[in-house]
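Each chain is listed here by its residues.
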Amino acid sequence: APVSRRAFAALSFAAFASAASMRVTDALLPRLAAEFDVGLGVAAQVITGFAITYGVLQAVYGIAGDRFGKYRLVAWACVASAGASLLCALAPGFGALVAARCLAGGTVAAVIPLAMAWIGDVVPYERRQPVIARFLIGQIFGLASGQFVGGLAADLGSWRAPFVALALWFAVAGVVLLRMRVRVVDRRTTPETGAVRAGALAGFRYVLRQRWARVVLVTVFLEGIALFGPLAFLATHLHRVYGLPLAVAGGILMLYGAGGLVFAWLSPLLVRRLGETGLAAGGGALLCAALLVIGLSTQWPLAVAGAFFAGIGFYMLHNTLQTHATQMAPERRGAAVALFASAFFLGQSVGVALASAAVEHVATPPIIVAGALATLAIGLAFSRLLAAHRPHG
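Everything numeric here is computed off the predicted structure, so don't read it as measured data.

Let us now look at the pattern of salt bridges. Throughout the structure, instances matching the rule amount to 2 salt bridges. Taking the shortest distance from any N to any O, the salt bridge between arginine 23 and aspartate 26 comes out at 2.5 Å. Judged by its relative accessible area of 3%, arginine 23 is buried. Two residues, glutamate 35 and arginine 31, come together in a salt bridge whose shortest N-O distance is 3.5 Å. On the criterion of helical spacing, the pair formed by glutamate 35 and arginine 31 is a turn pair, its members being 4 residues apart in helix H2 (residues 29–36). The exposure class assigned to arginine 31 is partly exposed, which follows from its relative accessible area of 28%.

Following this line, the structure appears as structure tokens:
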């Protein structure tokens, strides 16, 4: 319906700001380290803190989304995220910035997972993967733009400006979503209805009892560790190894988002031709090859191609996982998607923490190569598990 299409567009608009907020500090790390006179690993706390609160608070949002309505909570989360982003821009010192980033991770956490869960409520499973892929266009643009804008701000000497822009974007998204809220279907599950009635945490227990849900959650946790530790330092790698300005490094990483857009455009064809098992295995293999090129090449133009194909590979694998997250437990879809996002971002926080500890002792190429090999193993393993799993009807 037209209202649903506009709702998808509005949610994608909000997802842009959410994803940009996640990645805006990646290219800022060298600038923040110099500005506050801390090591690069310490500066990465602005990424780790964001990821931890993002992951932990999924439990709260999963319960609240099922109880009060997913679309409604996304709208109010955008309003809260506008305030949190403004606090980041006004932070007087490094400790205050880390605290504000932790708060921002907690408010942003509701946007993409609950939007996906809402899509799962209103779109049949057989049509869902292409719809999610199109919704993720906003997220893809946000990931790429966050890294580029962060690098540009680092070169221009104004690390606060990106957070002001994020505050404005979130504010607009929140107003648009709130104005549309009365015209969309927003399912709620009260304690008296639905498949699970045993209390606030029963939804999570119900999801975790499902064997396939545990497989998906463990896989996405490992994916977060393997990929996002290296990803946090890709802009720094391009800056240090090739001597590129941080704005240029962030611009190259925008091609990661361009690869994701190509996947979103081709997703109906790829789903038909490759199936879910082919997408998982092929995505892991392509992502591995692309990261190896970035980590080991001596010519920066090769890193450009690597960034583009890494985006395609990541979304081939991750979009398959996301689609299964919406169907792990349809009776408690909000809780299921919340657990999925929690596992993913807690994996990211572990990956960034490990990479932050390693980067103080080794160069960035070994970190990227390790992530490449790990993502290959994860993609192949999940593909085999998918082949053995009974497909949804």
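Ranked by internal contacts, the top residues of the largest apolar core, which has 132 residues, are Tyr71, Leu97, Phe135, Leu177 and Met328. Per-element accounting of this core gives the leading share, 14 residues, to helix H14 (residues 246–296). If sequence neighbours within four positions are ignored, phenylalanine 135 has contacts with Phe8, Leu11, Ser12, Ala15, Ile112, Ala115, Met116 and Ile119.

What follows deals with a nonpolar patch on the surface. Residues Phe13, Trp169, Val172 and Val176 make up a contiguous nonpolar surface patch of about 300 Å² in total accessible area. For the nonpolar patch, the element with the most residues is helix H10 (residues 161–180), which contributes 3 residues. Residue placement: valine 172 occurs in helix H10. The exposure class assigned to valine 172 is partly exposed, which follows from its relative accessible area of 42%.

This paragraph deals with helix H7 (residues 94–108). In a regular helix each residue adds 1.5 Å, so 15 residues correspond to 21 Å; H7 covers 21 Å between its end C-alpha atoms and thus fits that length. Every buried residue of H7 is listed here: Phe94, Leu97, Val98, Ala100, Arg101, Ala104, Gly105, Gly106, Thr107 and Val108.

What follows deals with the confidence of the model for the chain. Per-residue pLDDT for the chain averages 85, and the proportion of residues at 70 or more is 93%. By mean pLDDT, the top-scoring element of the chain is H7 (94), and the lowest-scoring one is helix H5 (residues 58–68) (77). Here residues 191–198 is modelled with pLDDT under 50, and outside its nearest four sequence neighbours on either side it reaches 10 contacts, counting other chains as well.

Summed over all chains, the structure comprises 4 cavities of 30 Å³ or more. Taken together, the elements giving at least two residues each to the lining of the largest cavity come down to helix H8 (111–122), helix H15 (300–325) and helix H16 (333–359). With 5 residues, H16 is the single largest residue contributor to the lining of the largest cavity. In the lining of the largest cavity, the residues fall into 10 nonpolar, 3 polar and no charged. Approximately 40 Å³ is the volume attributed to the second largest cavity. In this structure, the second largest cavity is lined by Met22, Gln139, Leu143, Phe228, Phe314, Phe344, Phe345 and Gln348. Mapped by element, the contributors of at least two residues to the lining of the second largest cavity are helix H9 (125–156) and H16. In terms of residues, the lining of the second largest cavity owes the most to one element, H16, which gives 3 residues. For the lining of the second largest cavity, the class distribution of residues is 6 nonpolar, 2 polar and no charged.

Relative orientation of the contacting elements H5 and helix H6 (residues 70–90) amounts to 125°, with a least axis distance of 7 Å. With respect to H6, the element H5 is oriented oblique. Contacts from Tyr61, Ala64, Gly65, Asp66 and Phe68 of H5 reach H6 at Lys70, Arg72 and Leu73.

Right, let's get into the packing of H6 against H8. Direction vectors running N to C along H6 and H8 enclose 160°, while the axes themselves pass 9 Å from each other. By the angle between their axes, H6 is roughly antiparallel relative to H8. Along this stretch, H6 crosses H8, giving a crossing that reads as left-handed. On H8, the residues that touch Lys70, Tyr71, Leu73, Val74, Ala77 and Cys78 of H6 are Val111, Leu114, Ala115, Ala117, Trp118 and Asp121.

Inspection of every chain in the model, using the stated rule, returns 16 aromatic pairs. Judged by centre distance (5.8 Å) and plane angle (25°), the rings of tryptophan 212 and phenylalanine 382 are stacked. Here phenylalanine 382 lies in helix H17 (residues 364–388) and tryptophan 212 lies in helix H12 (residues 211–232), a separation of 170 residues in the sequence. Chaining the aromatic ring pairs together yields one cluster made of Phe50, Tyr54, Phe228, Tyr256, Phe314, Tyr315, Phe344 and Phe345.

A separate point is the environment of alanine 17. Considering the arrangement of structural elements, one finds alanine 17 in helix H1 (residues 2–23). Residue alanine 17 is classed as buried on the basis of its relative accessible area of 0%. A C-alpha to C-alpha distance of 30 Å links alanine 17 and valine 215, two positions 198 residues apart in sequence. What alanine 17 contacts, discounting residues up to four positions off in sequence, is Leu166, Trp169 and Phe170.

What follows concerns H17. Turn by turn, an α-helix covers 3.6 residues, leaving residues three or four places apart pointing in a common direction. For H17, which comprises 25 residues, the first-to-last C-alpha distance of 37 Å matches the rise-based estimate of 36 Å (1.5 Å per residue) to within 8%. For H17, every residue scored as buried is listed here: Thr364, Ile367, Ile368, Val369, Gly371, Ala372, Thr375, Ile378, Gly379, Phe382, Ser383 and Leu386.

Reading the values: rules and limits
Residues numbered from 1 in each chain as written. Predicted model: local features only at pLDDT ≥ 70, side-chain atom pairs only at ≥ 80, totals over all residues. Heavy atoms only, no water. Salt bridge = Lys/Arg side-chain N within 4 Å of Asp/Glu carboxyl O. Buried < 20%, exposed > 50% of the residue type's maximum accessible area, 1.4 Å probe, protein only. Helix = DSSP H or I, 4+ residues; strand = E, 2+ residues; numbered from the N terminus. Core = buried A, V, L, I, M, F, W, Y, C linked by side-chain atoms within 4.5 Å. Contact = heavy atoms within 4.5 Å. Patch = residues over 30% accessible without salt bridge, like charges linked within 9 Å, V, L, I, M, F, W, Y side chains within 5 Å. Areas by Shrake-Rupley, 256 points an atom, 1.4 Å probe, with all protein chains shown as cover. Expected span 1.5 Å × (residues − 1). pLDDT = per-residue confidence, 0-100. 1 Å grid on protein atoms, 1.4 Å probe; cavity = no way out; pocket = protein on both sides within 12 Å on 5 of 7 lines; lining within 4 Å. Points joined across faces, edges and corners; volume = space filled by probe spheres on them. Nonpolar A, V, L, I, M, F, W, Y, C, P; charged D, E, K, R; others polar. Axes fitted to C-alpha atoms, helices over the stretch in contact; angles between N-to-C directions. Parallel < 35°, antiparallel > 145°, perpendicular 65-115°, else oblique. Left-handed = near helix turned anticlockwise from the far one by under 90°. Phe/Tyr/Trp six-rings, centres within 6.5 Å; stacked < 30°, edge-to-face > 60°.

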